[in-house]
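Architecture and fold: a report
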Amino acid sequence: EEEGSEIGPAGGEVSVPGGARLTVPPGALAEELRLTIASVDAPGIPGYQPVGAFYEFGPEGTTFSTPVAVAIPFDGVTEGERPVVLWTTPQGDWIVLATTVGDGVLHAEVDHFSRGGPGRSRPCTADDACRTENDCLGDNVVCRGCTCYELARCSDEWVDPGEDCQRDKDCPDEQKCIFCTCMEE
């Protein structure tokens, strides 16, 4: 099932009945374009389980000058679990978007089109490195996606891995890790 609408510089909306909705603000597109939403099979994403329908937003690769809002319904989440919008990067990697939840719908903003849908962290098993923070040994070590990670000390806060650097040895020669970014001293 695919739904589409011609949307231009004035903005607009396209939605799948009972499914995903895309809201394009004025100025996000420079010219009129047929934007589509099509249902696709839920992918296997390491560390996550789908909790609803996944979609391909097209034309794939479309970028926006200002973020556009996506709203995706979800189900299958128990109390205490936090569902998120999973989205592919232009390189095809899956990422977790900053997500808000309201009335059975996940809300996020995107700057490009690709595939996306609702997911939740899969339950960790006894075969995984960790299931809770207590399974990870050491100070400032956390359990993320069933794996123990050491937090990085950047500025005055502990942050999750994924910044440019965590330590000086993560940077090229002649650079130091300053506020989680490789910089010349």
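Quick caveat, the model's predicted, so the values are computed rather than measured. (Residues numbered from 1 in each chain as written. Predicted model: local features only at pLDDT ≥ 70, side-chain atom pairs only at ≥ 80, totals over all residues. Heavy atoms only, no water.)

**Describing the sheet that holds strand β3 (residues 21–24)**
Definition in use: At least two bridges found by DSSP between two strands are what make those strands a pair. Under the DSSP-based scheme used, a helix requires at least four consecutive residues in state H or I and a strand at least two consecutive residues in state E, with every element numbered from the N terminus. All axes are obtained by fitting lines to C-alpha atoms, using only the stretch in contact for helices, and the reported angles, taken between N-to-C directions, cover 0 to 180 degrees.
Pairing in this open sheet of 5 strands is antiparallel, and the strands run β2-β3-β7-β11-β10 from one edge to the other. The open sheet terminates on both sides in strands that have one partner only, identified here as β2 (12–15) and β10 (100–102). Strand-to-strand twist of the sheet, defined as the mean angle between neighbouring strand axes without regard to direction, takes the value 25 degrees. Pairing between strand β7 (residues 63–73) and strand β11 (residues 105–112): 7 bridges, direction antiparallel. Along β11, the bridge assignment pairs A69 with E109.

**Thoughts on the nonpolar core**
We count it as follows: Think of a nonpolar core as a cluster: buried Ala, Val, Leu, Ile, Met, Phe, Trp, Tyr and Cys residues, connected wherever their side-chain atoms sit within 4.5 Å. Burial classes: relative accessible area under 20% of the type maximum marks a residue as buried, over 50% as exposed, and values in between as partly exposed (1.4 Å probe, protein chains only). For this analysis, residues touch if any pair of their heavy atoms sits within 4.5 Å.
One finds L22, V24, L35, I37 and F57 to be the most contacted residues of the largest nonpolar core, which totals 25 residues. Looking at this core, the elements that each hand over two or more residues are β3, β4 (33–40), β6 (54–58), β7, β8 (84–88) and β11. Excluding residues within four positions of it along the chain, L35 makes contact with E3, G4, S5, I7, V14, L22, V24, L29, G58, P59, F64 and F113. The next biggest cluster of nonpolar side chains, apart from the first, holds 5 residues, and it includes V40, I45, F54 and L86.

**Looking at the pattern of salt bridges**
The following threshold applies: Whenever a carboxyl oxygen of Asp or Glu lies within 4 Å of a side-chain nitrogen of Lys or Arg, that contact is scored as a salt bridge.
All told, the structure shown has 2 salt bridges when counted by the stated rule. With a closest N to O distance of 4.0 Å, E13 and R21 form a salt bridge. Here E13 falls in the partly exposed class, since its relative accessible area comes to 43%. Looking at R21, the relative accessible area reads 32%, which means it is partly exposed.

**Observations concerning the confidence of the model for the chain**
This is how the line gets drawn: On a scale of 0 to 100, pLDDT captures the predictor's confidence in every residue.
Considering every residue of the chain, the mean pLDDT works out to 81; 75% of them sit at 70 or more. Averaged pLDDT values for the elements of the chain fall to 49 in strand β16 (residues 157–159) and rise to 96 in β3. Taken together, the stretch residues 155–162 has pLDDT below 50 and engages in 16 contacts with residues farther than four places along the chain or on a different chain.

**A look at the pairing of β7**
Pairing of β3 with β7 involves 3 bridges; the strand directions are antiparallel. Bridge assignment links L22 to a residue of β7, and that residue is V70.

**Some words on the side chain of T36**
Turning to its location among the elements, T36 is positioned in strand β4. Classification of T36 by relative accessible area gives buried; the value is 13%. Among all residues touching T36, those that are not within four sequence positions of it are E2, E3, G4, E56, F57, G58 and P59.

**Focus on the environment of E81**
In this fold, E81 is placed in the loop between β7 and β8. Assessed through its relative accessible area of 29%, E81 is described here as partly exposed. Separated by 39 residues in sequence, E81 and R120 place their C-alpha atoms 7.3 Å apart.

**Considering the side chain of T62**
Let me state the cut-off plainly: Under this definition, polar contacts are N or O atom pairs within 3.5 Å; protein pairs additionally need one hydrogen-donor-capable and one acceptor-capable atom, and for neighbouring residues in sequence, both atoms have to be side-chain atoms.
Summarising the element assignment, T62 is placed in the loop between β6 and β7. Since its relative accessible area comes to 11%, T62 is described here as buried. A polar side-chain atom of T62 sits 2.6 Å from the main-chain carbonyl oxygen of P59. The residues touching T62, leaving out its near neighbours within four places in the chain, are L29, L33, D111, H112 and F113.

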